Amino acid sequence: MEKNKNFRLASAVPATLCLALATAVAVVPTSAQAAPSAAGTSLSPAGHRFEAVAAQPVVFEAGPITVTCARSSSLPGKDAVHNTVPAGAARTNPTGPVALRIAPPTFQDCTTDAPGLRVAVETNEDHGPWQVLLQHGAPATARLSIPAGGFVLRTGGLLSCSATAAPGGPATAEGRWRTGAAAPAVVLDKAAIPVKLEGSYFCPTSITSAAISAEYTVRDTTDPARQITVGPA
């Protein structure tokens, strides 16, 4: 099973995903399958590989702890399973979104605003795939699907605490697909997901939801002159 681990002390300037943990945020856990929509979707270019790289700082807020990661990305590997636009009929859905399986994103150069704390972020696909579900529309939508327990943030040192996203099963974060002259992007703006916090006495274990803000630039790595596009079926 694939796992990504990054363990750094505070030292860097932030990168693009804002994970704000707050009990006031509404939580909408769901499976990786989106609800059917009247609009169909078709992705292109068929069979092309792509990368998703954070364009701005990544900030995680868990109660009193703020964690910032300078870099985050999901990159295509040697296999054609991850970060690949499906070929043939699989790239089209006449009634809803098309799912793209992505490599579990990595988070690097993570820091914290609290002195004496170490930070580790681990992602995995032990209990299912990470996916982005793209839906044609005005605007086009992008939903990030996180598998059960697929994201874990841990702090060590003066405060030992862990935050696990999607603790009870797959969960999706609502977002949008933004087109651009250079490259499109998956944008999440305070999208809600469930979390579970565990740890020492001072760990805020009563927090059960997270808000994610993120912007990942998506680039065609098969043919950099082209773009991944989301169109009608």
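The structure this text deals with has already been given above.
We now turn to the structure provided with this report. In this text, all values refer to a predicted model and were calculated from it rather than measured experimentally.

How each quantity is defined
- Residues numbered from 1 in each chain as written.
- Predicted model: local features only at pLDDT ≥ 70, side-chain atom pairs only at ≥ 80, totals over all residues.
- Heavy atoms only, no water.
- Helix = DSSP H or I, 4+ residues; strand = E, 2+ residues; numbered from the N terminus.
- Buried < 20%, exposed > 50% of the residue type's maximum accessible area, 1.4 Å probe, protein only.
- Contact = heavy atoms within 4.5 Å.
- Areas by Shrake-Rupley, 256 points an atom, 1.4 Å probe, with all protein chains shown as cover.
- Salt bridge = Lys/Arg side-chain N within 4 Å of Asp/Glu carboxyl O.

**A word on the overall build of the protein**
1) Next: Along its length, the protein carries zero helices and 18 strands.
2) Next: Burial statistics for the protein: of 233 residues in total, 53% are counted as buried.
3) Next: When contacts within the protein are restricted to residue pairs at least 6 apart in sequence, those whose partners lie at least 24 apart make up 76%.
4) Next: As presented, the protein carries roughly 10,400 Å² of accessible surface, and 57% of it is formed by carbon and sulfur atoms.

**Some thoughts on the pattern of salt bridges**
1) Next: On inspection of all chains with the given rule, the structure shows six salt bridges.
2) Next: Here Glu 122 and Arg 154 are joined by a salt bridge, their closest N and O atoms 3.6 Å apart. Taken together, the positions of Glu 122 in strand β10 (residues 117–124) and Arg 154 in strand β13 (residues 151–157) put the pair 32 residues apart, joining distant regions of the chain.
3) Next: Residue Glu 122 is classed as buried on the basis of its relative accessible area of 12%.
4) Next: Residue classification places Arg 154 among the partly exposed positions, given a relative accessible area of 39%.
5) Next: The closest approach of N and O atoms between Arg 143 and Glu 174, which form a salt bridge, is 3.0 Å. On the criterion of sequence distance, the pair formed by Arg 143 in strand β12 (residues 141–146) and Glu 174 in strand β15 (residues 171–178) is long-range, its members being 31 residues apart.
6) Next: On the accessibility criterion, Arg 143 (11% relative accessible area) is buried.
7) Next: We classify Glu 174 as partly exposed; its relative accessible area is 44%.

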